[in-house]
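Chain residues, written in single-letter form:
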Amino acid sequence: MLELNSVSKTYPGRNRLPVRALNQVSLVVGTGEFLTIVGPSGSGKSTMLFTAGAMLEPSEGTVKLGGVDIYSISKRKRASLRRRQIGFIFQTFNLIPYLTCAENVALPAVLDGTSYRDSRTRACEMLNRLGLGNRIGHRPNELSVGERQRVALCRSLVNEPDFLLADEPTGNLDDGLALEVIQMFLELNDEGLTIIAVTHDLRFAEMSPRILMLNEGEVRNDTGKSGLEIVR
């Protein structure tokens, strides 16, 4: 499904000294897996997620999705691949404030060429599924934080992606709502969706079958269902 091979990412730092956010990271995520990435702030978690999600080109190494090197193809093809195969949930939701819930959710489908009518129908089905049928015509500022999170989740799923990437999906939620979101992720994974999530929430990590720890841009360990710890 997804393969990172010796991926590094370097940013320009103060006094022109480079800052290496990722250092020779290699990783394979198979179809249907649920991987959680943990680590201290500044360890490279979000950089790794954005790089895996075709949004941030690495300085070195390759990222392959379904055998395709996603940074060797044109930006237009990469954008199309991202819309069709990757669902992304941002930590701050990134909902468009002047669009309704249905319009926010429908937007990726419209951008991918689906008619507005069909896109809206699909969006309303997703919103109903996640208990937001009575919020279809509301705008983001009329929603609670938990409702905004669910709208963002609907938007990420509207094009039926192959896998879902989530950056701190429970970071802005209280305990009750966080547990609801965790349960939704588990149900989606049970249905076959491949999920990669960055989190500081230990409850989220503990419910994930596979946990990867990053520190200073490097994979420190990768723990699978068997409990076997692989030191990198």
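For clarity, every value in this text was computed on a predicted model and none was experimentally measured. (Residues numbered from 1 in each chain as written. Predicted model: local features only at pLDDT ≥ 70, side-chain atom pairs only at ≥ 80, totals over all residues. Heavy atoms only, no water.)

J.: Talk me through the pattern of salt bridges; I want residue IDs and the actual numbers.
T.: Here the structure, examined in full by the defined rule, presents 10 salt bridges. Between D112 and R84 there is a salt bridge, and its shortest N-O distance comes to 2.9 Å. Of this pair, D112 sits in the loop between α3 (101-111) and α4 (116-129) while R84 is found in helix α2 (residues 75-85), placing the two residues 28 residues apart along the sequence. A salt bridge links R203 to D201; the shortest N-O distance between them is 3.0 Å. (Salt bridge = Lys/Arg side-chain N within 4 Å of Asp/Glu carboxyl O. Helix = DSSP H or I, 4+ residues; strand = E, 2+ residues; numbered from the N terminus.)

J.: Just give me the short version of the pairing of strand β4 (residues 60-65), but keep the residues and values in it.
T.: Of the pairings in the sheet, the one linking strand β1 (residues 2-12) to β4 comprises five bridges and is antiparallel in character. Each residue of the ladder has a partner; that of E3, found in β4, is K64. Here two bridges tie β4 to strand β5 (residues 68-69), and the two strands are oriented antiparallel to one another. Bridge pairing in β5 places L65 opposite V68. Taking the residues between adjacent antiparallel strands as the criterion, β4 and β5 are bridged by two residues, where G66 takes a positive phi near 60 degrees. (Pairing = 2+ DSSP bridges.)

J.: An account of the side chain of T170 is needed here, citing residue identities and associated values.
T.: The residue T170 is located in the loop between β7 (163-167) and α6 (175-190) in this model. A relative accessible area of 5% places T170 in the buried class. Here the side chain of T170 touches D201 through a polar contact of 3.0 Å, side chain to side chain. In this structure, T170 is in contact with Q149, A178, V181, I182, T199, D201 and F204, ignoring residues within four places of it in sequence. (Buried < 20%, exposed > 50% of the residue type's maximum accessible area, 1.4 Å probe, protein only. Polar contact = N/O pair within 3.5 Å; in protein donor to acceptor, adjacent residues only side chain to side chain. Contact = heavy atoms within 4.5 Å.)

J.: Which residues make up empty space enclosed by the protein, and what are the values?
T.: The gaps of empty space that remain are located by a probe, the size of a water molecule, rolled over the atoms. Going through the model one piece at a time under the given rule, you end up with one cavity of 30 Å³ or more. Looking at the largest cavity, its volume works out to about 30 Å³. In terms of lining, the largest cavity is formed by G146, R150, L173, L177, E180, V181 and M184. Among the secondary structure elements, those contributing two or more residues to the lining of the largest cavity are α5 (145-157) and α6. Ranked by the residues each element gives to the lining of the largest cavity, the list is headed by α6, at four residues. Each residue belonging to the lining of the largest cavity can be placed in one class, and the counts come to four nonpolar, one polar and two charged. (1 Å grid on protein atoms, 1.4 Å probe; cavity = no way out; pocket = protein on both sides within 12 Å on 5 of 7 lines; lining within 4 Å. Points joined across faces, edges and corners; volume = space filled by probe spheres on them. Nonpolar A, V, L, I, M, F, W, Y, C, P; charged D, E, K, R; others polar.)

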